[in-house]
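The primary structure of each chain is shown beneath.
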Amino acid sequence: LHDADLASWWGVDFPEKASVCGVTRVYCEETRGYVDVAPHVPLYFVFEGMPMGWSWALYFAQSAMEAPFIRALGDHSDGIGGIMRDGRPVPLIGPGKPVGSVYVDNGAVFAASQEDCEKADAAVRRELAASGLVIGKSSPPARSDLLAGYRVDLQAKVVSHQNKRV
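Attention in this report is confined to the structure presented alongside it. (Residues numbered from 1 in each chain as written. Predicted model: local features only at pLDDT ≥ 70, side-chain atom pairs only at ≥ 80, totals over all residues. Heavy atoms only, no water.)

**Details of the packing of helix α1 (residues 57-73) against helix α2 (residues 114-130)**
Worth spelling out the cut-off: Working convention: axes come from line fits to C-alpha atoms, limited for helices to the stretch in contact. Angles between N-to-C directions cover 0 to 180 degrees. Helix and strand assignments come from DSSP, with helices taken as H or I runs of at least 4 residues and strands as E runs of at least 2, each series counted from the N terminus. When describing relative orientation, an angle under 35 degrees is termed roughly parallel and one over 145 degrees roughly antiparallel, while 65 to 115 degrees is termed roughly perpendicular and anything else oblique. Helix crossings get a hand from a simple test, with the near helix turned counterclockwise from the far one by less than a right angle marking a left-handed crossing and a clockwise turn marking a right-handed one. Whether two residues touch is decided by their heavy atoms; if any such pair falls within 4.5 Å, the residues are in contact.
One way to put it is that α1 packs onto α2 with a least axis distance of 8 Å and a crossing angle of 135°. Regarding the angle of α1 to α2, the classification is oblique. Crossing of α1 over α2 shows right-handed handedness. Contacts from M65, P68, F69, R71, A72 and L73 in α1 reach A120, A123, V124, E127 and L128 in α2.

**Considering the packing of aromatic side chains**
Two descriptors summarise a pair of aromatic rings, namely the distance from one centre to the other and the angle between the planes of the rings. In plain terms, the rule: Two rings belonging to Phe, Tyr or Trp (six-membered ring only in the last case) form a pair when the distance between their centres is within 6.5 Å. Interplanar angles under 30 degrees mark stacking, angles over 60 mark edge-to-face geometry, and anything in between is tilted. Three exposure classes are used, based on accessible area relative to the maximum for each residue type with a 1.4 Å probe and protein chains only: buried under 20%, partly exposed in between, and exposed over 50%.
Taken as a whole and judged by the stated rule, the model has 2 aromatic pairs. Aromatic pair Y59 and F60: ring centres 5.5 Å apart, planes at 70°, arrangement edge-to-face. You can call Y59 partly exposed: its relative accessible area is 47%. Residue classification places F60 among the buried positions, given a relative accessible area of 14%.

**A look at the environment of E127**
In this structure, E127 sits in helix α2. Note: C-alpha distance between E127 and A72 (55 residues apart in sequence) is 6.4 Å.

**Focus: the sheet that holds strand β7 (residues 106-110)**
The strands making up a sheet are joined through hydrogen bonds of the backbone, oriented either antiparallel or parallel. For the record, the criterion: For two strands to pair, DSSP has to find at least two bridges joining them.
Taken together, the 3 strands give an open sheet; going across it, the order is β5-β6-β7, and neighbouring strands pair in mixed fashion. At either end of the open sheet lies a strand with only one pairing partner, and these are β5 (82-84) and β7. Put simply, the sheet's adjacent strands are angled 25° from each other on average, direction ignored. Summarising the sheet, strand β6 (residues 99-103) and β7 pair through 5 bridges and their orientation is antiparallel. By the bridge assignment for β7, V99 is matched with F110.

Scope: geometric values only; no functional claims are made or implied.
Here it is, written out as structure tokens:
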């Protein structure tokens, strides 16, 4: 998917001639490539990006992050391993079957062992990079972590409430 493939979703409602902005080439969703345009051609100018705060921005950001996690970890029908997804039961963590969690621009991997976690993390990183998504900050494998106000301790198999929200 090219960045511009979704641009027409966020366009202006009135056309302007290409010459108004000196435009000579535009991205065409039908050909999925750039085409030349004459100065007199009316164009509907669009944003080539995803304006945050617009109604579908959150959905697209979530989907963009989920896809690499699914490719890396699978989407197992047996309920063991895969990723946590809205409206579905939380999958169980099993040997060799880690579980990923995605929330918009954040992701986490939970695994039965440090080795499984490191393998899954590497697979997720490869898929994120292949999708053109940049990893800004990362944490090393840990036995417990604070997520959305809860301490998740996989070694003790305990989830406890914390006063601090992340």
